[in-house]
Amino acid sequence: MSNCSKDDYQHVRKSNVLIGRILRPHGTKGEVRLLLLGIEPAQLERLVTKEFFLLLPDKTTYLRLSLESVRFHKGVGLLKFSGIDSISDAEKLREAEVFISENDRPTLNEDEYYYDQLVGLKVLDAESGEEIGIVSAIVYGKGSESLELELSGTRVLLPI
């Protein structure tokens, strides 16, 4: 484990891509349940052996871990990280934010985008072409994601 300053925390958030949040341990051998944020299960499966950056809830402690395996159970990702081999190890990761390097993010097809790539884009009316607003953030809820749009100084949520 490494400690990080508030500046380190901001740097990590800006220089890496948030892909999920650990919910809780799963089983007794170090697996954790991951809530996926802005990444699809098939994309996560392509990240086995890649380095992950976990920012613990205290916002001052982080870990760099390699993903050993991933599987899915009832729509939730079950991840096994190298060096996390018991339920007590996995418990320390509860509520950690999970990031990957931008360079490790799987390549998408030409007409596909990651949610975070939508921030800052204009939203246009499909019929008139008139600008409706600008995507200001992605809001991750339980089981759904929404675009936060800024419309003339007002913020509204648009389900994705």
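(A) Structural context of the nonpolar core. By size, the foremost hydrophobic cluster in this structure holds 24 residues, and its most contacted members are Ile19, Ile22, Leu44, Phe52, Leu54, Phe81 and Leu93. Those elements that provide at least two residues to this core are β2 (16–26), β3 (31–36), β4 (51–55), β5 (61–73), β6 (76–81) and β7 (97–101). Tallying contributions element by element places β5 first for this core, with 4 residues. Membership of the second largest hydrophobic core comes to 6 residues, among which are Tyr115, Val123, Ile138 and Leu149.

(B) The pattern of salt bridges, seen in detail. One pass over the full model with this rule turns up 11 salt bridges. With a closest N to O distance of 2.8 Å, Glu31 and Arg71 form a salt bridge. Taken together, the residues span a long stretch of sequence, with Glu31 in strand β3 and Arg71 in strand β5 at a distance of 40 residues. The exposure class assigned to Arg71 is partly exposed, which follows from its relative accessible area of 40%. With a shortest N-O distance of 3.8 Å, Glu68 and Lys80 are connected by a salt bridge.

(C) Spotlight on unusual backbone geometry. For Glu95, which is not a glycine, the phi torsion comes out positive at approximately 70°. Topologically, Glu95 is positioned in the loop between α3 (87–91) and β7. Given a relative accessible area of 37%, Glu95 falls into the partly exposed group. A positive phi is found at Ser152, a non-glycine position, where the angle reads about 50°. A relative accessible area of 81% means that Ser152 is categorised as exposed.

(D) Structural context of the environment of Thr60. For Thr60, the position within the fold is in the loop between β4 and β5. According to the relative accessible area criterion, Thr60 is partly exposed, its value standing at 37%. Sequence separation of Thr60 and Gly129 is 69 residues, and the distance between their C-alpha atoms is 45 Å.

(E) Geometry of the side chain of Arg33. Tracing the sequence through the fold places Arg33 in strand β3. Buried charged residue Arg33 carries no salt bridge. Nearest counter-charge: Glu31, at 8.8 Å. Sequence-distant contacts of Arg33, defined by excluding residues within four places in its chain, comprise Arg21, Ile22, Leu23, Arg24, Pro25, His26, His73, Val76, Gly77 and Leu78.

(F) Inspection of a negative patch on the surface at higher detail. Together, Glu40, Glu110, Asp111 and Glu112 make up a negatively charged patch on the protein surface. In this fold, Glu110 is placed in the loop between β7 and β8 (122–124). Accessibility expressed as a relative area gives 79% for Glu110, which makes it exposed.

Conventions used here
- Residues numbered from 1 in each chain as written.
- Predicted model: local features only at pLDDT ≥ 70, side-chain atom pairs only at ≥ 80, totals over all residues.
- Heavy atoms only, no water.
- Core = buried A, V, L, I, M, F, W, Y, C linked by side-chain atoms within 4.5 Å.
- Buried < 20%, exposed > 50% of the residue type's maximum accessible area, 1.4 Å probe, protein only.
- Helix = DSSP H or I, 4+ residues; strand = E, 2+ residues; numbered from the N terminus.
- Salt bridge = Lys/Arg side-chain N within 4 Å of Asp/Glu carboxyl O.
- Lys, Arg positive; Asp, Glu negative; His and termini not counted.
- Contact = heavy atoms within 4.5 Å.
- Patch = residues over 30% accessible without salt bridge, like charges linked within 9 Å, V, L, I, M, F, W, Y side chains within 5 Å.
- Areas by Shrake-Rupley, 256 points an atom, 1.4 Å probe, with all protein chains shown as cover.
- Charge placed at Lys NZ, Arg CZ, Asp CG, Glu CD.

Purely geometric stuff here, so don't read any function into it on its own.
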